[in-house]
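So the chains spell out like this:
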Amino acid sequence: MRHLRVRTTAFLPAAALITVVTIAPIASPAVASGLDDTAFAALERHGLLASPEDMTEAALNRDTRAGLPSAAVDSADGLTIPTSEGTMSLVPVGAAQPREVDGKLLYTEKTHTIAATTTASGVANAMYAVLTGPESPSSYRYEVSVDDAPALLTQVNGAVLVRDPAGEIVNVVNPAWAVDAGGISLPTHYEIEGNEIIQVVDHRTATYPVVADPAGACDALSCTIFFNKSETRTASEGAAAAAGLLCGAMAFLNGIAGVVCGAYGAALTIVAIQARNQGDCLAFRASRYGLYTPYPFIYDDARCR
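Nothing here was measured: the structure is a model prediction, and the numbers come from that model.

Section: helix α5 (residues 265-278)
- For α5, with 14 residues, the first-to-last C-alpha span of 20 Å sits near the 20 Å given by 1.5 Å per residue.
- Those residues of α5 that fall on the buried side of the exposure criterion are Gly265, Ala267, Leu268, Thr269, Val271, Ala272 and Ala275.

Observations regarding a negative patch on the surface
- Taken together, the side chains of Asp74, Asp77, Glu100, Asp147 and Asp148 present a region of like negative charge at the surface.
- Within the secondary structure, aspartate 77 sits in the loop between β1 (72-74) and β2 (78-83).

Remarks on the pattern of salt bridges
- In the structure shown here, the tally under the stated rule is five salt bridges.
- A salt bridge links glutamate 193 to arginine 141; its shortest N-O distance comes to 2.9 Å. Pair noted here: glutamate 193 is in strand β14 (residues 188-193) and arginine 141 is in strand β8 (residues 139-146), with a separation of 52 residues, a long-range link.
- On the basis of relative accessible area, glutamate 193 is assigned to the partly exposed category, the value being 44%.
- A residue is classified by how much of its surface remains accessible, and arginine 141, at 15% relative accessible area, is buried.
- Between glutamate 196 and arginine 141 there is a salt bridge, with the nearest N and O atoms lying 2.7 Å from each other. You can see glutamate 196 sitting in strand β15 (residues 196-201) and its partner arginine 141 sitting in strand β8, a full 55 residues away along the chain.
- Shared partners join several salt bridges into a network, and the residues in it are Arg141, Glu193 and Glu196.

Considering the confidence of the model for the protein chain
- Mean pLDDT over the protein chain works out to 80, with 76% of the residues at or above the 70 mark.
- Contacts for the low-pLDDT stretch residues 1-31, under 50 throughout, to residues beyond four places or in other chains number 124 contacts.
- A low-confidence stretch, residues 56-64 (pLDDT under 50), is modelled with 24 contacts involving residues beyond four sequence positions or located in other chains.

Overview of the sheet that holds strand β12 (residues 169-173)
- With antiparallel pairing, the three strands of this open sheet are ordered in space as β10-β11-β12. Every other strand in the sheet has two partners, leaving β10 (152-156) and β12 as the edge strands with one partner each. Averaged over all neighbouring strand pairs, the angle between strand axes comes to 25°, with direction disregarded.

Cut-off values and rules
Residues numbered from 1 in each chain as written. Predicted model: local features only at pLDDT ≥ 70, side-chain atom pairs only at ≥ 80, totals over all residues. Heavy atoms only, no water. Helix = DSSP H or I, 4+ residues; strand = E, 2+ residues; numbered from the N terminus. Expected span 1.5 Å × (residues − 1). Buried < 20%, exposed > 50% of the residue type's maximum accessible area, 1.4 Å probe, protein only. Patch = residues over 30% accessible without salt bridge, like charges linked within 9 Å, V, L, I, M, F, W, Y side chains within 5 Å. Areas by Shrake-Rupley, 256 points an atom, 1.4 Å probe, with all protein chains shown as cover. Salt bridge = Lys/Arg side-chain N within 4 Å of Asp/Glu carboxyl O. Lys, Arg positive; Asp, Glu negative; His and termini not counted. Charge placed at Lys NZ, Arg CZ, Asp CG, Glu CD. pLDDT = per-residue confidence, 0-100. Contact = heavy atoms within 4.5 Å. Pairing = 2+ DSSP bridges. Axes fitted to C-alpha atoms, helices over the stretch in contact; angles between N-to-C directions.

Written as structure tokens, this is what we have:
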């Protein structure tokens, strides 16, 4: 079983995407149980249920910041992710009535399951669509709201900026990704209609089950940005290239977390080189307190493609 592996750095302080679903009747308990097992097994296979404890230990400690709200799952509100700017909610459109299983919120259909999850570290505040076969839909739609009002959505380089009705950025949905049972990345992208994000997944050549993930980048404590293998290679080529990637990523978070990104290019390059040499990927977590300095780490779950 593959688990998320995280390595931290000693020189920086501490510093998380969306899919059309057809209306279907609620599955019987026996059917639901089987699909639940399939969904959990797929998420575990790709390391998506593991909490990166090393990063959590070094990068943030929720116990020391009493009163900060955490992301949660709820049958009425779906996945809710609070930040100081407001609370973003994601709810699958037209999905079956959800059930809470082992702390996850499951929307179980005959052809797929959508699992809303959170972790203490905040890096898996996500809606995972698990496609079980070729009859699974090719698109999945989520309604996005901020403090119970329709969100304003804008795509920027594959990510989605989520704003409140007044136009203030509340959160960011990381770029779309999808992977099949063999670890092969599949073509996928987001489309926007009003306050709904649609993740389109081309799974015609896939080995099932397939996992696709819309995830919130930020929570009350930090924002997390994941770079893919190509971006990791770029960051490993030098401080200027790493700073360019970092500055571009931090631009998504303008109004949520700020940082003088150019100053951290050399630090990110060191971690990127290590990640590249291991065949893994670079990510960083920017704390929303103190100096907002980016905390780089290495990851190797399904998002590393």
